[in-house]
Amino acid sequence: MPATALDPRTALVLIDLQKGIAGLPTAPLPSAEVVERGARLAAAFRARALPVVLVNVTGGAPGRTESAPRGGTPPADWAELVPELGRQPGDITVTKQQWGAFYGTNLDLELRRRGVTQIVLAGIATSIGVESSARAAHEHGYHVTIATDAVTDLDEAAHRHSLEKIFPRLGETDTTETIIKLLG
């Protein structure tokens, strides 16, 4: 469903736009396009004094999986947010250890303290961090909007599945330009 409205207290939540993840091969969009659109969204939210949340990941959830974890030690700057986001002192930063931005972090508390009732999500990877965060936001009672041209994935089929099958059940979806126009 196309985005119809943004609540007066909407926050932007940018997922894992960090050096290590933005440097991976992504599809269908190159990560540089997602970073650029995320930066445009962040500038638009900041211009309207709305919260901007920058999320990075520094670990992974414990537990056995069939898919082997990525090996090796990541570079020292792997978890640093990309500079293109223009991080500002008023931005909220959240470091997560799981896929989603809510579990095990103070994100819900930070949003509620600011009276936030809706979030706009963007970032990498669509089917992992973005989808997990969208699911949790929906379960926490937030209105959810996904910027469809500001998300990408490591797996194009998984990206498409999230956009076509999952996100419409969790909220509304639309482009960066439409979301900026809805900000007024």
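Each remark here, short or long, concerns the structure printed above.
Summary of the structure given here. Computed from a prediction, not measured in an experiment: that's the story for all the values here.

**Regarding the overall build of the protein chain**
Tallying secondary structure elements over the protein chain gives six helices and six strands in all. Helices (α) and strands (β) of the protein chain occur, in sequence order from the N terminus, as β-α-α-β-β-α-β-α-β-α-β-α. Here the C-alpha atoms of the protein chain give a radius of gyration of 15 Å, agreeing with the 16 Å that 2.2 N^0.38 yields for 184 residues. Counting only residues that meet the buried cut, the protein chain has 51% of its 184 residues in that class. Excluding contacts between residues fewer than 6 apart, the proportion of contacts in the protein chain whose partners are at least 24 apart in sequence is 84%. Summed over its atoms, the accessible surface of the protein chain is roughly 9,100 Å², and 53% of this surface lies on carbon and sulfur atoms. In the protein chain, 18 side chains carry a positive charge and 21 a negative one; their mean positions are 4 Å apart.

**What to know about the sheet that holds strand β2 (residues 52-57)**
The strands making up a sheet are joined through hydrogen bonds of the backbone, oriented either antiparallel or parallel. As summarised here, the arrangement of the six strands in space is β3-β2-β1-β4-β5-β6, forming an open sheet in which the pairing is parallel. This sheet does not close on itself; its edge strands, each paired only once, are β3 (92-96) and β6 (172-174). The sheet shows a mean angle of 25° between the axes of neighbouring strands, taken without regard to direction. In terms of strand pairing, strand β1 (residues 10-15) meets β2 through four bridges, oriented parallel. Its bridge partner lying in β2, Leu 14 is registered against Leu 54. On the sheet, helix α5 (residues 156-170) packs against β5 (143-152) and β6 and is oriented at approximately 165° with respect to β5.

**Some remarks on the pattern of salt bridges**
For the coordinates displayed, the defined rule picks out eleven salt bridges. For the salt bridge of Lys 19 with Glu 80, the shortest nitrogen-to-oxygen distance reads 3.0 Å. Pair noted here: Lys 19 is in helix α1 (residues 19-22) and Glu 80 is in the loop between β2 and β3, with a separation of 61 residues, a long-range link. According to the relative accessible area criterion, Glu 80 is partly exposed, its value standing at 40%. Between Asp 108 and Arg 112 there is a salt bridge, and its shortest N-O distance comes to 2.9 Å. With a gap of four residues between them, Asp 108 and Arg 112 both fall in helix α3 (residues 107-113), about one helical turn apart.

**So, the packing of aromatic side chains**
Evaluated as defined, the whole model comprises one aromatic pair. Plain terms: the ring middles of Phe 102 and Tyr 142 are 6.0 Å apart, the flat faces sit at 35° to each other, and that makes the pair tilted. Taken together, the positions of Phe 102 in the loop between β3 and α3 and Tyr 142 in the loop between α4 (126-139) and β5 put the pair 40 residues apart, joining distant regions of the chain. The exposure class of Phe 102 is buried, given its relative accessible area of 7%. Note on Tyr 142: relative accessible area 3%, which makes it buried.

**So, the packing of helix α2 (residues 31-47) against helix α6 (residues 176-183)**
Between α2 and α6, the least distance of the axes is 10 Å, while the angle of their chain directions is 0°. In terms of their interaxial angle, α2 and α6 are classed as roughly parallel. Only Thr 176, Glu 177, Ile 179, Ile 180 and Leu 183 of α6 make contact with α2, whose side of the interface consists of Arg 37, Arg 40, Leu 41, Ala 44 and Phe 45. Its residues placed into classes, the contact of α2 with α6 shows six nonpolar, one polar and three charged.

**Some details on unusual backbone geometry**
The peptide bond linking Ala 27 to Pro 28 adopts the cis configuration, its omega dihedral lying at 5°. Along the chain, Pro 28 turns up in the loop between α1 and α2. Geometrically, the link from Ile 124 to Ala 125 is a cis peptide bond, its omega value of 5° lying close to zero. The phi dihedral of Asp 16 falls on the positive side, at around 55°, and the residue is not glycine. As for its placement among the helices and strands, Asp 16 is situated in the loop between β1 and α1. Taking the relative accessible area as the measure of exposure, Asp 16 reaches 4% and is therefore buried. We note that Ala 49 has phi near 60°; this positive angle belongs to a residue other than glycine.

Criteria and thresholds
Residues numbered from 1 in each chain as written. Predicted model: local features only at pLDDT ≥ 70, side-chain atom pairs only at ≥ 80, totals over all residues. Heavy atoms only, no water. Helix = DSSP H or I, 4+ residues; strand = E, 2+ residues; numbered from the N terminus. Rg over C-alpha atoms; globule rule 2.2 N^0.38 Å. Buried < 20%, exposed > 50% of the residue type's maximum accessible area, 1.4 Å probe, protein only. Contact = heavy atoms within 4.5 Å. Areas by Shrake-Rupley, 256 points an atom, 1.4 Å probe, with all protein chains shown as cover. Lys, Arg positive; Asp, Glu negative; His and termini not counted. Charge placed at Lys NZ, Arg CZ, Asp CG, Glu CD. Pairing = 2+ DSSP bridges. Axes fitted to C-alpha atoms, helices over the stretch in contact; angles between N-to-C directions. Salt bridge = Lys/Arg side-chain N within 4 Å of Asp/Glu carboxyl O. Phe/Tyr/Trp six-rings, centres within 6.5 Å; stacked < 30°, edge-to-face > 60°. Parallel < 35°, antiparallel > 145°, perpendicular 65-115°, else oblique. Nonpolar A, V, L, I, M, F, W, Y, C, P; charged D, E, K, R; others polar.

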